[in-house]
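Structural description and commentary
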Amino acid sequence: QVQLVESGGGLVQPGGSLRLSCAASGSIFSINAMGWYRQAPGKQRELVAAITSGGSTNYADSVKGRFTISRDNAKNTVYLQMNSLKPEDTAVYYCNADSVLTPAGWGSEYWGQGTQVTVSS
């Protein structure tokens, strides 16, 4: 069974920084893609950033130049460095793992429990 555990959320002032971490645990042979999504109150969940095992990245236009996604394949961990945070970045941030190879075969769409990020003065 694959579990994702996020950490690093919190309250920060506009212009500040936060670093989110997400560790995947379980009998995992490999993970193709890992990413971060967010959901603000009254809005749909949206992709923030994603990264493949080979290091290819994809970002939402709203965070390009401010957020950086990275991963440690050996630790099955993905990170999101968030700089120059804005109030509109306030949301619950969810970690996602897709195309995960375990002894049971390939699985998809594993989610963490979410971590709150609040940007406010």
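None of the values given here were measured: they were computed from a predicted structure.

1. Comments concerning the overall build of the protein
Across its full length, the protein carries zero helices and 12 strands. Across the protein, helices and strands are ordered from the amino to the carboxyl terminus as β-β-β-β-β-β-β-β-β-β-β-β. Compactness check: the protein gives a C-alpha radius of gyration of 14 Å against a globular reference of 14 Å for 121 residues, within 12% of the reference. Overall, the C-alpha framework of the protein stretches about 45 × 25 × 20 Å when taken along its three principal axes. Looking at the protein as a whole, 40% of its 121 residues are labelled buried. The contacts in the protein between residues at least 6 apart in sequence include a share of 55% that link residues at least 24 apart.

2. Let's talk about the packing of aromatic side chains
Counted by the stated rule, this structure contains one aromatic pair. With 5.0 Å between their ring centres and 65 degrees between their planes, Y37 and W111 make a pair best called edge-to-face. On the criterion of sequence distance, the pair formed by Y37 in strand β4 (residues 30–39) and W111 in strand β11 (residues 110–111) is long-range, its members being 74 residues apart. The side chain of R19 reaches across the aromatic face of Y79, ending 4.2 Å from its centre. Positioned above the aromatic ring of W111 is the side chain of R45, whose terminal nitrogen or guanidinium carbon lies 4.7 Å from the ring centre.

3. A look at unusual backbone geometry
For S99, which is not glycine, the phi dihedral falls at a positive 55 degrees. The backbone of E109 sits at a positive phi, close to 55 degrees, despite the residue not being glycine. Turning to its location among the elements, E109 is positioned in the loop between β10 (105–107) and β11.

4. Examining the nonpolar core
One finds W36, L80, M82 and Y93 to be the most contacted residues of the largest nonpolar core, which totals 31 residues. Listing elements by their share of this core, those giving two or more residues are β3 (18–25), β4, β5 (46–52), β7 (67–72), β8 (77–82), β9 (91–102) and β12 (115–119). Here the element with the most residues in this core is β9; it accounts for five residues.

5. Overview of the sheet that holds strand β1 (residues 3–7)
Across the sheet, which stays open at both edges, the four strands sit in the order β1-β3-β8-β7 with antiparallel pairing between neighbours. The sheet is open, and its two borders are formed by β1 and β7, each paired with just one other strand. Taking each pair of neighbouring strands and ignoring which way they run, the sheet shows an average axis angle of 15 degrees. Here β1 pairs with β3 via five bridges, running antiparallel. Within β3, the position partnered with S7 by the bridge is S21.

6. Details of the environment of T90
Among the structural elements, T90 can be located in the loop between β8 and β9. Along the backbone, T90 and S21 are 69 residues apart, and their C-alpha atoms lie at a distance of 17 Å. Excluding residues that lie within four positions of it along the chain, T90 makes contacts with A40, Q116, V117, T118 and V119. Here the side chain of T90 touches V119 through a polar contact of 2.9 Å, landing on its backbone nitrogen.

Cut-offs used in this document
- Residues numbered from 1 in each chain as written.
- Predicted model: local features only at pLDDT ≥ 70, side-chain atom pairs only at ≥ 80, totals over all residues.
- Heavy atoms only, no water.
- Helix = DSSP H or I, 4+ residues; strand = E, 2+ residues; numbered from the N terminus.
- Rg over C-alpha atoms; globule rule 2.2 N^0.38 Å.
- Buried < 20%, exposed > 50% of the residue type's maximum accessible area, 1.4 Å probe, protein only.
- Contact = heavy atoms within 4.5 Å.
- Phe/Tyr/Trp six-rings, centres within 6.5 Å; stacked < 30°, edge-to-face > 60°.
- Lys NZ or Arg CZ within 6 Å of the ring centre and 35° of its normal.
- Core = buried A, V, L, I, M, F, W, Y, C linked by side-chain atoms within 4.5 Å.
- Pairing = 2+ DSSP bridges.
- Axes fitted to C-alpha atoms, helices over the stretch in contact; angles between N-to-C directions.
- Polar contact = N/O pair within 3.5 Å; in protein donor to acceptor, adjacent residues only side chain to side chain.

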